[in-house]
Amino acid sequence: MREQVVAALDVGTSKICCMIAKIGGNLKKPKIIGTGLQESRGVQSGAIIDLEETETAIRSAVDSAERMAGGAPITSVIVNISAGTPMSRHFAVDVAVAGHEITELDIKHVLDIAQKEILSDDDYVIHSRPICFTVDTIERMRPPVGMYGENLSVQMHVSTIAVSPLKNLRNAIAGCHLDMSHVVLSSYASGLSVLLDEEMQQGSICVDIGGGTTSISAFKNGEFIYGAVLNLGGDDVISDIAQGLSTSQEGAKRLKTFHGNCLLGQVMDRDLIDVVQIGDGGSEYTACIEKKRLTSIINPRVEEILEMVEDRLKSSGVDAVAGSRIILTGGGSKIKGIEELASRKFNKKIRLGRPINVDALPDVMSGAEFSVCAGLLNYLFSGSEEIHQRTFGSAGVNIFSRIS
C-alpha cells in the first residue's frame, strides 16, 4: 500500500480526540503527524445527545490536528462508536468440497454464503470477521487453499449495533463537512492499540474504562472474537465523589486525578487532603478530610465496574476462551490501586495498557485515555477486510447504505 495520510476521530463522553497519521509505504506503524484534543460536549454514555455541541467540539479538535499536521484540510475520518448496544454473535457456514483440492473459488463461495446471512441481520453490521476455517476436522486460521477434504467450514464473528446512534454520529460528522470513511467499535480499537501480538495470539481481554462507558474486547489467534459495552465509567466515579464530598464536578475530577485510590489498604489513616466543598447557600469553603474517606467513595464504584465486566465475560463464555490475561486501559484505568484490585477480582494476569502500536505519538497523548483514537489508526493500517463489505454480485456493498 502506498503511503497516505489518514485521520482518526474518537468521539467520547469526556473528550473529542483527532489524530492525523501517515500509513503505508515503508512504515511499520501509523506515524502521527497531527493531534487535536477538545473537551467533549453533547455526548452522554457514548451517544450523541446534542448535535450542535458535538459538532463544535469536533471542529475544534480536527482544526488543531490539521494545523499541527501542516494545515492541509482532511476530508474524511475513521470514527469509533460505543453506543447502540453492541452485540457479538458467532455462526458457522459449511460447504461440501467432495474431496477435491480447495481453491480460491471455494473460499469465495463459503464467504459469499456467510455474507448473505450477515446482511440479513436486522441491526447494523459493523464488523464481520472470519475467525477460522476448518477442513473436515482440521482448523486453520488462514484460508486453506491447496488442501484436500470433504467439507469446508468458516467460523464467523459478527458485531452489530442499533442504527439510530450511528445516524446521529454520521450527521454530527457531516455537519463538520467531513465524510465518515469507516466506523469501528471502541472496544475493538482499544484492543488493537494496546495489545501485543503475542497477547492477541494466545488470547487476551482488553477492558477500556472510559468516561461514560466501559468497553470489553477479546482476541484469540490474532482475531477479534468478542465486543461489548457497559454503560458505566470513570464519570460515575467523579459523580460519586462530588455527591459524597459536597464538591463540584470539576473539584471531584481533580480529587480523583491527584488523590484517587481504589484500595483502602494503600491509604494511611493519618493522610489528609483539602476539599473545596459547597455550602448550603452555594458558597465554597475548604475542609480538611481523611484521604480514606475519598477512597471509601471510589472503591465501591470501581468494584461495581469490575464486577459487571466479570459477569459479562462469564455469561458470554469469552472468559473460558480468551481470559488468561486482562489488559486495563482508558482514563478510568489510571486510578491508583486498580491493577491490584482487578488481580484480586479476576484472579488473572493483569497489566495496564496504553497506545503502543503507533509511532511519533506526543507525550501528552501517550496515556491510556487515548487508546481508542490510536487504535482507529491501527485498524486502517491493518487493511483488514470486513466480510459484509466485500464486493457481492455485480455491485459493492456500501457500508452506510442502510443508514441513509
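Look a little higher up for the structure.
Our subject in this report is the structure included herewith.

Notes on the overall build of the protein
Logical step 1: If you tally the helices and strands in the protein, you get 11 helices and 18 strands.
Logical step 2: Overall, the C-alpha framework of the protein stretches about 80 × 50 × 40 Å when taken along its three principal axes.
Logical step 3: Classification of the 404 residues of the protein by burial places 53% in the buried group.
Logical step 4: When the accessible surface of the protein is totalled, it reaches about 18,000 Å², and 47% of it is carbon and sulfur.

A closer look at the pairing of strand S18 (residues 349-352)
Logical step 1: Note: strand S17 (residues 325-329) against S18, four bridges, orientation parallel. Within the sheet, the bridge partner assigned to isoleucine 326 lies in S18 and is isoleucine 350.
Logical step 2: Between the parallel elements S17 and S18, the chain passes through helix H10 (residues 338-346) in a crossover that is right-handed.

A look at the side chain of threonine 54
Logical step 1: You can see threonine 54 is positioned in helix H1 (residues 51-68).
Logical step 2: Filtering out sequence-adjacent residues up to four positions away, threonine 54 remains in contact with Val11, Arg41, Gly42, Val43, Ile48 and Ala172.

As for unusual backbone geometry
Peptide bonds are trans in most cases, and residues, glycine excluded, mostly fall at negative phi.
Logical step 1: Look at threonine 85: it is not a glycine, yet its phi comes out positive at around 50 degrees.
Logical step 2: By the element assignment, threonine 85 lies in the loop between strand S6 (76-81) and strand S7 (87-96).
Logical step 3: Non-glycine residue asparagine 221 carries a positive phi angle of around 55 degrees.
Logical step 4: Tracing the sequence through the fold places asparagine 221 in the loop between strand S13 (214-220) and strand S14 (223-230).
Logical step 5: Accessibility expressed as a relative area gives 32% for asparagine 221, which makes it partly exposed.

Reading guide: rules and limits
Residues numbered from 1 in each chain as written. Predicted model: local features only at pLDDT ≥ 70, side-chain atom pairs only at ≥ 80, totals over all residues. Heavy atoms only, no water. Helix = DSSP H or I, 4+ residues; strand = E, 2+ residues; numbered from the N terminus. Buried < 20%, exposed > 50% of the residue type's maximum accessible area, 1.4 Å probe, protein only. Areas by Shrake-Rupley, 256 points an atom, 1.4 Å probe, with all protein chains shown as cover. Pairing = 2+ DSSP bridges. Right-handed = clockwise from strand over helix to strand, strands pointing away. Contact = heavy atoms within 4.5 Å.

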